[in-house]
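Read off the chains here:
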Amino acid sequence: MPSHPLVGQRVRYYLPGLRPGIWSGRVLAVDEQTARLRITLEEPGYEVDIPLHALRSIYDPGRQIWKEIPTPDRRSG
């Protein structure tokens, strides 16, 4: 079974109330049934489970930029 395209990607996420601020890490696993991600944090280096809707951006190593993920509550227009 092929892995999910997010596995191995560097991502940023935001969980208001639980962990204030924007955090970054690398995706270890994706559970599509529960829409949750398992991430290793870059700082301080431990693993967390987050909801998929908490993702804010994905790192593009080729262009060396963070690409924002559009969500319904943050769309312009």
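For the structure itself, look to the data block above.
Rules used throughout
- Residues numbered from 1 in each chain as written.
- Predicted model: local features only at pLDDT ≥ 70, side-chain atom pairs only at ≥ 80, totals over all residues.
- Heavy atoms only, no water.
- Core = buried A, V, L, I, M, F, W, Y, C linked by side-chain atoms within 4.5 Å.
- Buried < 20%, exposed > 50% of the residue type's maximum accessible area, 1.4 Å probe, protein only.
- Helix = DSSP H or I, 4+ residues; strand = E, 2+ residues; numbered from the N terminus.
- Contact = heavy atoms within 4.5 Å.
- Polar contact = N/O pair within 3.5 Å; in protein donor to acceptor, adjacent residues only side chain to side chain.
- Pairing = 2+ DSSP bridges.
- Phe/Tyr/Trp six-rings, centres within 6.5 Å; stacked < 30°, edge-to-face > 60°.
- Lys NZ or Arg CZ within 6 Å of the ring centre and 35° of its normal.
- Salt bridge = Lys/Arg side-chain N within 4 Å of Asp/Glu carboxyl O.

Visitor: How would you summarise the nonpolar core if you had to cite specific residues and measurements?
Guide: Within soluble globular proteins, side chains that are nonpolar tend to cluster in buried spots. Leu-6, Val-11, Tyr-13, Leu-15, Val-27, Leu-37, Ile-39, Leu-41, Val-48, Ile-50, Ala-54 and Leu-55 together form the largest nonpolar core, which totals 12 residues. Only β1 (10–15), β3 (36–41) and β4 (47–51) provide two or more residues apiece to this core. Residues in contact with Leu-6, not counting those within four places in the same chain, are Val-27, Val-30, Leu-37, Leu-52, Leu-55 and Ile-58.

Visitor: For the environment of Glu-47, give the residues involved together with the corresponding values.
Guide: Considering the arrangement of structural elements, one finds Glu-47 in strand β4. As for Glu-47 and Leu-28, which are separated by 19 residues in sequence, their C-alpha atoms are 8.8 Å apart. In this structure, Glu-47 is in contact with Leu-28, Arg-38, Ile-39 and Thr-40, ignoring residues within four places of it in sequence. Polar side-chain contacts of Glu-47 include one of 3.1 Å to the side chain of Arg-38.

Visitor: An account of the pairing of strand β6 (residues 65–68) is needed here, citing residue identities and associated values.
Guide: Two strands pair when backbone bridges link them, and strand β5 (residues 55–60) and β6 are joined in this way by 4 bridges, in the antiparallel orientation. Bridge pairing links Asp-60 to Ile-65 in β6. Linking two consecutive strands that pair antiparallel, namely β5 and β6, is a turn of 4 residues; a positive phi of about 55° is found at Gln-64 within it.

Visitor: Could you give an account of the packing of aromatic side chains, with specific residues and numbers?
Guide: Summed over the entire model, instances satisfying the criterion amount to 1 aromatic pair. It is Arg-10 that lies over the ring of Tyr-59; its NZ or CZ is 4.7 Å from the centre.

Visitor: Account for the pattern of salt bridges, naming residues and giving values.
Guide: One pass over the full model with this rule turns up 3 salt bridges. A salt bridge links Asp-49 to Arg-38, with the nearest nitrogen and oxygen atoms 3.2 Å apart. Taken together, the residues Asp-49 in strand β4 and Arg-38 in strand β3 connect sequence positions 11 residues apart. Owing to a relative accessible area of 29%, Arg-38 belongs among the partly exposed residues under this scheme. Salt bridges here are not isolated pairs; linked through shared partners, they connect Arg-38, Glu-47 and Asp-49.

Visitor: Describe unusual backbone geometry, naming the residues involved and giving the relevant values.
Guide: Phi angles above zero are rare outside glycine, and Ala-35 is one such case at about 55°. Relative to the elements of secondary structure, Ala-35 occurs in the loop between β2 (19–31) and β3. Classification of Ala-35 by relative accessible area gives partly exposed; the value is 34%. Unlike most non-glycine residues, Gln-64 shows phi in positive territory, near 55°.

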